[in-house]
Amino acid sequence: MSTSQDDKKPSTDGADEAKDTVVDTAEPTTTTTAADDTSDASDVDAASVEDASEIFLRGTPVPPSSTMGGVFSAESFSVIGLLLLSPVIFNSRLFELFGWFVLTDAGLDDAGQLPLLGAEVMVAGGLSALAILAGAVSLFRSGAHTRAAARWASAATVLVGALFVLVSVATYASLPATG
């Protein structure tokens, strides 16, 4: 990358590139009648509005989005969702408790462990629910300018987080009564 002042001056090569760009400005041919002449000035010509998919297919860069970026971007919420879900994924204790109480219907020898186990299941479910929320916000904020990896990570966070919430609810409901 050059930081020369010559790079910042407009060149004649850019004029040739503008000539090579093909923009479809053909308008559909319609006949107007006196009854059709009552449309308002607020109607936007359909041929002048371009869809992001058409821009992508033409190979031109997507114009910058007017949405907030930075900390409140879809990519940030995607990473936040993954970070919230990672302790639940890497701690296999939730599946151990699920198998112990839901699948085998085992009891506890020490009733003093029950509040601790209930809190552990609730924390895993709460973190999963927060991860789902962050992933959903990321998906709602995503658009044509969002990286595909962020959309993929958000969708995966929502799906896996929903699985962990269901496992947490089933496990918490299967915990034995305190007395």
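Computed from a prediction, not measured in an experiment: that's the story for all the values here. Within each chain, residues carry numbers counting from 1 in the order of the written sequence. For a predicted model such as this one, the threshold for reporting local features is a pLDDT of at least 70, and the threshold for listing and counting side-chain atom pairs is 80 or more; totals across whole chains, interfaces and linings nevertheless cover every residue. Remark: hydrogens and water are excluded; side-chain values derive from all non-hydrogen atoms of the structure.

1. Some remarks on the nonpolar core
One recurring pattern in soluble globular proteins: nonpolar side chains tend to sit buried together.
Right, on to step 1. What makes a nonpolar core is a set of buried Ala, Val, Leu, Ile, Met, Phe, Trp, Tyr and Cys residues whose side-chain atoms join them at distances within 4.5 Å. Burial status follows relative accessibility: with a 1.4 Å probe on protein chains alone, a residue under 20% of its type maximum counts as buried, one over 50% as exposed, and anything between as partly exposed. In terms of nonpolar packing, the biggest core is built from 13 residues, with Leu85, Val88, Leu94, Leu97, Phe101 and Phe164 touching the most fellow members.
Right, on to step 2. Secondary structure is summarised from DSSP: a helix means a run of H or I of at least four residues, a strand means a run of E of at least two, and numbering begins at the N terminus for each. Those elements giving two or more residues to this core turn out to be helix 3 (74-90), helix 4 (93-103), helix 5 (114-141) and helix 6 (148-174).
Right, on to step 3. If one sorts the elements of this core by residue count, helix 5 sits on top with five residues.

2. Things to note about the environment of aspartate 105
Right, on to step 1. Checked against the element boundaries, aspartate 105 lands in the loop between helix 4 and helix 5.
Right, on to step 2. Using a relative accessible area of 62% as the deciding quantity, one classes aspartate 105 as exposed.
Right, on to step 3. Along the primary structure aspartate 105 and serine 174 are separated by 69 residues, whereas in three dimensions their C-alpha atoms are 7.7 Å apart.

3. Overview of the side chain of threonine 146
Right, on to step 1. Considering the arrangement of structural elements, one finds threonine 146 in the loop between helix 5 and helix 6.
Right, on to step 2. For threonine 146, a relative accessible area of 5% translates into the label buried.
Right, on to step 3. Nitrogen and oxygen atoms within 3.5 Å of one another constitute a polar contact, given that in protein one can donate a hydrogen and the other can accept it, and given that sequence-neighbouring residues count only through two side-chain atoms. Reaching out from threonine 146, the side chain makes a polar contact with the backbone nitrogen of glycine 143 at a distance of 2.9 Å.
Right, on to step 4. Contact partners of threonine 146, with chain neighbours within four places excluded, come to Ala74, Glu75, Arg141 and Arg151. Note on contacts: a residue pair is in contact if any heavy atoms of the two residues lie within 4.5 Å.

4. Focus: helix 5
Given 3.6 residues to a turn, an α-helix orients residues that are three or four positions apart in the same direction.
Right, on to step 1. Given a rise of 1.5 Å per residue, 28 residues ought to cover 40 Å, and the 41 Å separating the end C-alpha atoms of helix 5 matches this to within 8%.
Right, on to step 2. Within helix 5, burial applies to Leu114, Leu117, Gly118, Val121, Ala124, Gly125, Ser128, Ala131, Ala134, Gly135 and Ser138.
Right, on to step 3. Those residues of helix 5 that are buried are in contact with helix 3, helix 4 and helix 6. Here, expected helix span is obtained from the residue count minus one, scaled by 1.5 Å.

5. Quick word on the confidence of the model for the protein chain
Right, on to step 1. As a per-residue measure, pLDDT tells how confident the predictor is, with possible values from 0 to 100. Averaged over all residues, the pLDDT of the protein chain is 76; the fraction at 70 or higher stands at 61%.
Right, on to step 2. For the protein chain, the element scoring lowest by mean pLDDT is helix 1 (residues 13-20), at 50; helix 6 scores highest, at 94.

6. Things to note about the pattern of salt bridges
Right, on to step 1. Whenever a carboxyl oxygen of Asp or Glu lies within 4 Å of a side-chain nitrogen of Lys or Arg, that contact is scored as a salt bridge. In this structure the tally under the stated criterion is three salt bridges.
Right, on to step 2. A salt bridge links glutamate 75 to arginine 147, with the nearest nitrogen and oxygen atoms 3.6 Å apart. Taken together, the positions of glutamate 75 in helix 3 and arginine 147 in the loop between helix 5 and helix 6 put the pair 72 residues apart, joining distant regions of the chain.
Right, on to step 3. For glutamate 120, the salt bridge identified is with arginine 93, shortest N-O distance 3.2 Å. Pair noted here: glutamate 120 is in helix 5 and arginine 93 is in helix 4, with a separation of 27 residues, a long-range link.
Right, on to step 4. The class of glutamate 120 is partly exposed, set by a relative accessible area of 25%.
Right, on to step 5. One salt-bridge network, held together by shared partners, links Arg93, Glu96 and Glu120.

7. Description of the packing of helix 3 against helix 6
Right, on to step 1. Two elements in contact, helix 3 and helix 6, have axes whose closest approach is 9 Å; the angle formed by their N-to-C orientations is 35°. In this structure, the crossing between helix 3 and helix 6 has a hand that is left-handed. Residues Glu75, Ser78, Gly81, Leu82, Leu85, Val88 and Ile89 of helix 3 form the contact with helix 6, whose own contacting residues are Ala150, Ala153, Ser154, Thr157, Val160, Gly161 and Phe164. Where helices are involved, their axes are fitted lines through C-alpha atoms of the stretch in contact, as for all axes, and angles between N-to-C directions lie from 0 to 180°. Crossings are assigned a handedness: left-handed for a near helix turned anticlockwise from the far helix by less than a right angle, right-handed for a clockwise turn.

8. As for the packing of aromatic side chains
Right, on to step 1. Pairs were defined over the aromatic rings of Phe, Tyr and Trp, the Trp ring being its six-membered one, requiring ring centres within 6.5 Å. Orientation was assigned from the angle between planes: stacked under 30 degrees, edge-to-face over 60, tilted for the rest. According to the stated counting rule, one finds two aromatic pairs in the structure shown.
Right, on to step 2. Residues phenylalanine 95 and phenylalanine 164 carry aromatic rings whose centres are separated by 5.4 Å and whose planes lie at 55° to one another, so their mutual orientation is tilted. Of this pair, phenylalanine 95 sits in helix 4 while phenylalanine 164 sits in helix 6, and the two are 69 residues apart along the sequence.
Right, on to step 3. Judged by its relative accessible area of 5%, phenylalanine 164 is buried.
Right, on to step 4. The interplanar angle of 25° and the centroid separation of 5.1 Å between the aromatic rings of tryptophan 100 and phenylalanine 101 together place this pair among those described as stacked.

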